[in-house]
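Here are the chains, one letter per residue:
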Amino acid sequence: MRAVDIIIKKRDKQELTSQEIEFFIKGFTNGEIPDYQASSFAMAVLLNGMTPFETADLTLAMARSGQVLDLSKVVDIAVDKHSSGGVGDKTSISVMPMVAACGLPVGKMSGRGLGFSGGTLDKLESIPGYRVDLTTDEFKQQLKEKGIVLTGQSLDLAPADGKMYALRDVTGTVPSMPLIASSIMCKKIASGANAIVLDVKTGLGAFMQTLDEARELGNLMVDIGRLAGRKTVALLSDMNQPLGSAVGNSLEVIEAIELLRGRAPKDYYEHCLHVTAHVLLLGQRAKDLEEGRAMAQKSIDDGSALETFRVLVQAQGGDVSYVDDMSKYTRAKYVEVVNAPRSGFISQVHARIVGEASVVLGAGRAKKSDSVDHAVGFLIHKKVGDKVQAGEPLFEIHANDEAKLVEARKAVLSAHSFSDEFVSPLPLFYE
């Protein structure tokens, strides 16, 4: 078998066998197949696509390129929840304690933020001492003993994906649906998940900007999951405007904890209940979504979700007093409330513009080596469909640099659009 023959076959729109895909990914991972051939392969896939069977084979080959975590001796069913990323999306920090409090152990390996989309690990590091570098053994032990883990990828998960992504980034092959889907799913499978809930964002602040693109990606990942023997469901959710109010690391952690106390913006609260219900249903703890939702609500009402989050923070070395006393978080030097320049109905809060403005403040990374400022960000007070009066608070800026504050103020003001006519609120989920 030769790499060039596999590239030619895909160039000519023919279907690759499992063996051919396995051979190519193994050779690329160990360095026998050079970057230029892998780039050519990626371009052929971008131009000609792959069948669901090919994409599932590609996903499994990439998952098997490194360690594959076996959690069967730790939990009866290993459930994972993945979000395709967005602005103000701190969902995992609220959802995971709710799920675990309902008796379904949940262990998740998250990533850091790059660009305008924030990373769960960066947010959690707002809590002093919180460790995101657990070893594989520590991951398994904590999942077994505490029923909840939220850490970074410490083990050698799907190294082929890391190599392939670096190539895609510089060869114009990032927007390939089979390559996107296999990249997400190979890490879920390698991390031991039997059941996967995918929160696929669509809109101005999402990678998939149209509903059709999000639906195509969601369907493809569900197909991969099914063909790989994993129970998988994809939810298509809105990311035209930020989710909740808080955008920025410690501000988002505070909002996520407030939800566990029963206090959170309506859209964020509703989003978390819906996702939690799906996780509990897929994890065989609820018989239907209605029961799952009721269980999630009860975990908030009886305080068990908040207590489970305290257990998580303590288990991973974090200072639990930051869960109990929100005033302890480092505050930004400058906090400015920006008022509405006119009356009317909010017709848009452009998620991408808000996300990019948070990077300007230092809440996100322009490149991987950048550090983040945990204190800075925004509180967005109004949503699409809300009525607003001129002079009423529109949003709040938390900044540590005056020049950056001025730049961010201008950007986030431009993200807001107004209408004299009534505007319908955006749906939280499309399907």
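Scroll up a little and you will see the structure.
Residues numbered from 1 in each chain as written. Predicted model: local features only at pLDDT ≥ 70, side-chain atom pairs only at ≥ 80, totals over all residues. Heavy atoms only, no water.

Participant: Describe the overall build of the protein chain, naming the residues involved and giving the relevant values.
Facilitator: Regarding its fold elements, the protein chain presents 17 helices and 12 strands. Taking 2.2 N^0.38 as the reference for a compact globule, 431 residues should give roughly 22 Å; the C-alpha atoms of the protein chain span a radius of gyration of 22 Å, in line with that estimate. Out of the 431 residues in the protein chain, the part that is buried amounts to 55%. Within the protein chain, contacts between residues separated by at least 24 positions form 77% of all contacts whose residues are at least 6 apart in sequence. Accessible surface, the protein chain: about 17,400 Å² in total, of which carbon and sulfur atoms supply 51%. With 48 positive and 55 negative side-chain charges, the protein chain shows a spacing of 2 Å between the two charge centroids. (Helix = DSSP H or I, 4+ residues; strand = E, 2+ residues; numbered from the N terminus. Rg over C-alpha atoms; globule rule 2.2 N^0.38 Å. Buried < 20%, exposed > 50% of the residue type's maximum accessible area, 1.4 Å probe, protein only. Contact = heavy atoms within 4.5 Å. Areas by Shrake-Rupley, 256 points an atom, 1.4 Å probe, with all protein chains shown as cover. Lys, Arg positive; Asp, Glu negative; His and termini not counted. Charge placed at Lys NZ, Arg CZ, Asp CG, Glu CD.)

Participant: Quick one: what's the story with the side chain of serine 358, residue by residue and with numbers?
Facilitator: Position of serine 358 among the secondary structure elements: in helix H16 (residues 351-361). Residues in contact with serine 358, not counting those within four places in the same chain, are Val247, Ala363, Gly364 and Phe378.

Participant: Could you give an account of the pattern of salt bridges, naming the residues involved and the relevant values?
Facilitator: In total, this model carries 28 salt bridges according to the counting rule given. A single network of salt bridges, built from pairs that share partners, joins Asp80, Lys108 and Lys188. (Salt bridge = Lys/Arg side-chain N within 4 Å of Asp/Glu carboxyl O.)

Participant: Hey, could you go over the layout of surface pockets for me, with residue numbers and the actual values?
Facilitator: For the second largest pocket, the calculated volume is near 400 Å³. Lining the second largest pocket are 20 residues, with Gln241, Lys266, Asp267, Lys383 and Leu428 positioned closest to its centre. In terms of residues, the lining of the second largest pocket owes the most to one element, helix H12 (residues 266-282), which gives three residues. Its residues assigned to classes, the lining of the second largest pocket comprises nine nonpolar, four polar and seven charged. (1 Å grid on protein atoms, 1.4 Å probe; cavity = no way out; pocket = protein on both sides within 12 Å on 5 of 7 lines; lining within 4 Å. Points joined across faces, edges and corners; volume = space filled by probe spheres on them. Nonpolar A, V, L, I, M, F, W, Y, C, P; charged D, E, K, R; others polar.)

Participant: Run through the pairing of strand E11 (residues 393-399), naming residues and quoting values.
Facilitator: For a regular strand, the rule is simple: side chains alternate between the two faces of the sheet. The element E11 is largely enclosed, with a buried count of six among its seven residues. Looking at chain direction, strand E7 (residues 334-339) and E11 are connected through six bridges and run antiparallel. Paired with asparagine 339 across the two strands is proline 393, which belongs to E11. Relative to E11, strand E9 (residues 377-380) runs antiparallel, the two being bridged by four bridges. Looking at E11, one finds that glycine 377 is bridged to histidine 398. (Pairing = 2+ DSSP bridges.)

Participant: So what's going on with the nonpolar core? Which residues, and what values?
Facilitator: Core analysis: the biggest nonpolar cluster contains 76 residues, and Phe309, Val354 and Phe378 have the highest contact counts within it. Of the residues forming this core, the biggest block, eight residues, is contributed by H12. Among the nonpolar cores identified, the runner-up in size contains 39 residues, and Ile21, Phe24, Ala38 and Ala78 belong to it. (Core = buried A, V, L, I, M, F, W, Y, C linked by side-chain atoms within 4.5 Å.)

Participant: I'd like a description of the sheet that holds strand E6 (residues 246-247), backed by residues and values.
Facilitator: Pairing in this open sheet of four strands is antiparallel, and the strands run E6-E9-E11-E7 from one edge to the other. With one partner strand each, in any of the chains shown, E6 and E7 form the two edges of the open sheet. Those strands touched by helix H17 (residues 402-415) are E7, E9 and E11, and its axis lies near 150 degrees from that of E11. (Axes fitted to C-alpha atoms, helices over the stretch in contact; angles between N-to-C directions.)

Participant: Give a detailed account of the environment of serine 299, specifying residues and quantitative values.
Facilitator: Note on placement: serine 299 falls in helix H13 (residues 289-301). Serine 299 sits in the buried class, given a relative accessible area of 2%. With 197 residues separating them along the chain, serine 299 and cysteine 102 place their C-alpha atoms 6.7 Å apart. In this structure serine 299 touches Met98, Ala101, Cys102, Ser304 and Ala305, once residues within four positions along its chain are discounted.

Participant: Explain the sheet that holds strand E10 (residues 387-388) residue by residue, including any values.
Facilitator: Here three strands make up an open sheet; going across it, the order is E10-E8-E12 and the pairing antiparallel. In this open sheet, the two edge strands, each paired with only one partner strand, are E10 and strand E12 (416-419). Both strand E8 (residues 344-349) and E12 contribute to a ladder of four bridges, which runs antiparallel. When the bridges of E12 are listed, valine 349 appears paired with histidine 416.

Participant: Can you explain empty space enclosed by the protein? Please cite residues and give values.
Facilitator: Inspection of the entire model under this criterion finds three cavities of 30 Å³ or more. If you add up the space inside the second largest cavity, you get close to 90 Å³. Forming the walls of the second largest cavity are 16 residues, and the residues nearest its centre are Leu71, Ala78, Val79, Gly107 and Ser191. Within the residue set of the lining of the second largest cavity, elements represented by two or more residues are strand E1 (79-83), strand E2 (106-110) and helix H7 (136-146).

Participant: Quick one: what's the story with the packing of helix H2 (residues 18-29) against helix H4 (residues 52-63), residue by residue and with numbers?
Facilitator: As a packed pair, H2 and H4 sit with axes 9 Å apart at the nearest point and diverge in direction by 35 degrees. Between H2 and H4 the crossing geometry is right-handed. Between H2 and H4, the contacting residues are Ser18, Ile21, Glu22 and Ile25 on the first element and Glu54, Asp57, Leu58, Ala61 and Met62 on the second. (Left-handed = near helix turned anticlockwise from the far one by under 90°.)

Participant: Just give me the short version of the packing of helix H5 (residues 91-101) against H12, but keep the residues and values in it.
Facilitator: Think of two packed helices as two axes; the pair is described by the angle between the axes and how far apart they sit. In the contact formed by H5 and H12, the axes pass within 9 Å of each other and the chain directions differ by 45 degrees. Looking at the two axes, H5 sits oblique to H12. Crossing of H5 over H12 shows right-handed handedness. Contact residues: H5 offers Thr91, Ser94, Val95, Met98 and Val99, while H12 offers Tyr268, His271, Cys272, Leu273, Val275, Thr276, Val279 and Leu280. Within the contact of H5 with H12, the residues separate by chemical class into nine nonpolar, four polar and no charged. (Parallel < 35°, antiparallel > 145°, perpendicular 65-115°, else oblique.)

Participant: Quick rundown of unusual backbone geometry? Include the residues and the values.
Facilitator: Despite not being glycine, lysine 13 has its phi angle at roughly 65 degrees, a positive value. Positionally, lysine 13 belongs in the loop between helix H1 (3-11) and H2. With a phi angle near 60 degrees, glutamine 284 is a residue other than glycine that sits in the positive phi range. Here glutamine 284 is to be found in the loop between H12 and H13. Classification of glutamine 284 by relative accessible area gives exposed; the value is 54%.

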